[in-house]
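# Descriptive analysis of the structure
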Amino acid sequence: MSSEDQRNTMIVLLADGSKHSIQELQGMTTVGDLGSLVGLASIRDVLLWNHFRTPQELSRMSYDDQRNTLIVELNQATGKAIPELQGMNDFQLVESGCQTWRMF
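## Observations regarding the environment of Ser-21
Examined against the element boundaries, Ser-21 turns out to sit in the loop between α1 (3-17) and α2 (22-26). Placed 10 residues apart in sequence, Ser-21 and Ile-11 show a C-alpha to C-alpha distance of 8.9 Å.

Right under this line is the structure:
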């Protein structure tokens with residue numbers, strides 16, 4: 001599968017897994033520190049795997065909603081300050097979640 005096909009597949013999956021339209025998702029970068037398709041998919045996976053939100057709840061949440069939910073859950077689990085967590089990029093948050101909840 002080409003990288004463009006992979007991107008399009010991720011867009012279709014995230015259109016079902018977030019409140020973003022295909023058009024909105026097409027405007028997002030594939031990879032980046034904040035607000036990328038891979039970042040949204042990774043945050044969504046942490047929330048889903050740890051049962052913080054159901055697939056139905058996540059489908060009604062924006063990238064910002066999902067990111068903020070992960071920040072709140074990490075704050076409650078680790079005691080790290082909200083401003084410190086807000087200063088992290090998406091992948092740092094996901095890594096922190098994976099370590100905190102021993103996902104891997």
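What follows continues from the structure just given.
## Some thoughts on unusual backbone geometry
Unlike most non-glycine residues, His-51 shows phi in positive territory, near 60°. One non-glycine residue, Arg-102, lies in positive phi territory at about 45°. Among the structural elements, Arg-102 can be located in the segment after α7 (90-100). Look at Arg-102 and you get exposed, because its relative accessible area is 73%.

## Focus: the pattern of salt bridges
Summed over all chains, the structure comprises one salt bridge. When the shortest N-O distance is used, the salt bridge between Asp-90 and Arg-67 registers 2.7 Å. With Asp-90 in helix α7 and Arg-67 in helix α5 (residues 63-78), this pair connects stretches of sequence that are 23 residues apart. Residue Asp-90 shares its accessibility class with Arg-67, and that shared class is buried.

## Quick word on the side chain of His-20
Mapped onto the fold, His-20 is located in the loop between α1 and α2. Polar contacts involving the side chain of His-20 include one to the side chain of Glu-24, which spans 3.4 Å. A polar side-chain atom of His-20 sits 2.9 Å from the main-chain amide nitrogen of Tyr-63.

## Some remarks on the packing of helix α3 (residues 37-49) against α5
Two elements in contact, α3 and α5, have axes whose closest approach is 10 Å; the angle formed by their N-to-C orientations is 50°. In this view, α3 runs oblique relative to α5, as classed from their interaxial angle. In this structure, α3 crosses over α5, and the sense of that crossing is left-handed. Of the residues in α5, those in contact with Leu-40, Ile-43, Arg-44, Val-46 and Leu-47 of α3 are Tyr-63, Gln-66, Arg-67, Thr-69 and Leu-70. Looking at the contact of α3 with α5 residue by residue, the class counts come to six nonpolar, two polar and two charged.

What counts, and at which threshold
- Residues numbered from 1 in each chain as written.
- Predicted model: local features only at pLDDT ≥ 70, side-chain atom pairs only at ≥ 80, totals over all residues.
- Heavy atoms only, no water.
- Helix = DSSP H or I, 4+ residues; strand = E, 2+ residues; numbered from the N terminus.
- Buried < 20%, exposed > 50% of the residue type's maximum accessible area, 1.4 Å probe, protein only.
- Salt bridge = Lys/Arg side-chain N within 4 Å of Asp/Glu carboxyl O.
- Polar contact = N/O pair within 3.5 Å; in protein donor to acceptor, adjacent residues only side chain to side chain.
- Axes fitted to C-alpha atoms, helices over the stretch in contact; angles between N-to-C directions.
- Parallel < 35°, antiparallel > 145°, perpendicular 65-115°, else oblique.
- Left-handed = near helix turned anticlockwise from the far one by under 90°.
- Contact = heavy atoms within 4.5 Å.
- Nonpolar A, V, L, I, M, F, W, Y, C, P; charged D, E, K, R; others polar.

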